[in-house]
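These are the residues of each chain, in order.
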Amino acid sequence: AGISILNPSSGTLIENLYGIYATSSSTGPVTITGNTVGSSTAGLSNVTGNTYNSTGTIYTAGIFAPAALTNNISTNAVTNVAYTAGGTSSGFIQTVGIFHAVPGTNAAVAGSSNTVQSNTISNINSSSPNAVTDIKASVVGLLFNNTSNGNTVGQNIIHSVANTASTTNAVN
């Protein structure tokens, strides 16, 4: 079965949903391999009981590894990750299969070398009205922003990444 956040139409909102989260307080190295996040019929879904407005950045991510650590993120299957809540944010709303950057700004992480390879990322969807482009696009299959030498990113299969909002939105 899938994992969903169903927020109320008012009150405190839970804005972020992660299948796997490698916290920035971890001490390296962090190895995330051989996991399945989501399935062919259900995955992660961030939904609300009503359209809402936020002042923060909202992430829905299969694998979220923001820390400046040595990460090995390999041979994972991330599928059916969706943000369907609508609403707006003065930050931005982003749905991503695998995330490695500084949360809130998506700026480059400085630090150790990382390996992100042989992952399958599919069916990453959003209905967010986020029109921001580049590293803050509404939907991203794999976001890797790192300033260190010696990173390996390759042999990842990424497909079926889309934004279904009625307005023009960026997809990377």
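Predicted, not measured: the structure shown is a model, and the values here were computed from it.

**Student:** Could you clarify how one ought to interpret the overall build of the protein in this entry?
**Tutor:** When helices and strands are tallied, the protein shows zero helices and 16 strands. Here the protein holds 172 residues, and the buried ones make up 44% of them. Put simply, the protein shows about 7,500 Å² of open surface, and 50% of that area lies on carbon and sulfur atoms.

**Student:** Explanation requested: the packing of aromatic side chains in the structure shown.
**Tutor:** Overall, the coordinates contain six aromatic pairs when judged by the stated rule. Seen in terms of ring centroids, Tyr18 and Phe64 are 4.3 Å apart; in terms of plane orientation they differ by 35°. Their pairing is tilted. Pair noted here: Tyr18 is in strand β2 (residues 17-21) and Phe64 is in strand β7 (residues 58-64), with a separation of 46 residues, a long-range link. An aromatic cluster of at least three residues, connected via ring pairs, comprises Tyr18, Tyr21, Tyr59, Phe64 and Phe99.

**Student:** I keep staring at the sheet that holds strand β11 (residues 93-100) and nothing clicks. Help me out?
**Tutor:** By way of backbone hydrogen bonds, the strands of a sheet pair with one another, either parallel or antiparallel. As summarised here, the arrangement of the four strands in space is β2-β7-β11-β14, forming an open sheet in which the pairing is parallel. The open sheet terminates on both sides in strands that have one partner only, identified here as β2 and β14 (139-144). Taking the axes of each pair of neighbouring strands and ignoring which way they run, one obtains an average angle of 30° across the sheet. Judged from the four bridges that link them, β2 and β7 form a sheet pairing that is parallel. Residue Tyr18 lies in a different strand from β7, and its bridge partner there is Ala61.

**Student:** Could you clarify how one ought to interpret the side chain of Asn163 in this entry?
**Tutor:** Counting through the fold element by element, Asn163 comes out in strand β16 (residues 157-163). Asn163 sits in the buried class, given a relative accessible area of 16%. There is a polar contact of 2.9 Å between the side chain of Asn163 and the side chain of Ser138.

**Student:** Can you walk me through the sheet that holds strand β12 (residues 115-117) in this structure?
**Tutor:** Ordered in space as β3-β8-β12-β15, the four strands form an open sheet in which the pairing is parallel. Edge positions in the sheet fall to β3 (30-33) and β15 (152-154), since each has one partner strand and no second. With strand direction ignored, the average angle separating the axes of adjacent strands in the sheet is 5°. Here three bridges tie β12 to β15, and the two strands are oriented parallel to one another. What sits directly across from Thr115, in β15, is Thr152.

Definitions and cut-offs
- Residues numbered from 1 in each chain as written.
- Predicted model: local features only at pLDDT ≥ 70, side-chain atom pairs only at ≥ 80, totals over all residues.
- Heavy atoms only, no water.
- Helix = DSSP H or I, 4+ residues; strand = E, 2+ residues; numbered from the N terminus.
- Buried < 20%, exposed > 50% of the residue type's maximum accessible area, 1.4 Å probe, protein only.
- Areas by Shrake-Rupley, 256 points an atom, 1.4 Å probe, with all protein chains shown as cover.
- Phe/Tyr/Trp six-rings, centres within 6.5 Å; stacked < 30°, edge-to-face > 60°.
- Pairing = 2+ DSSP bridges.
- Axes fitted to C-alpha atoms, helices over the stretch in contact; angles between N-to-C directions.
- Polar contact = N/O pair within 3.5 Å; in protein donor to acceptor, adjacent residues only side chain to side chain.

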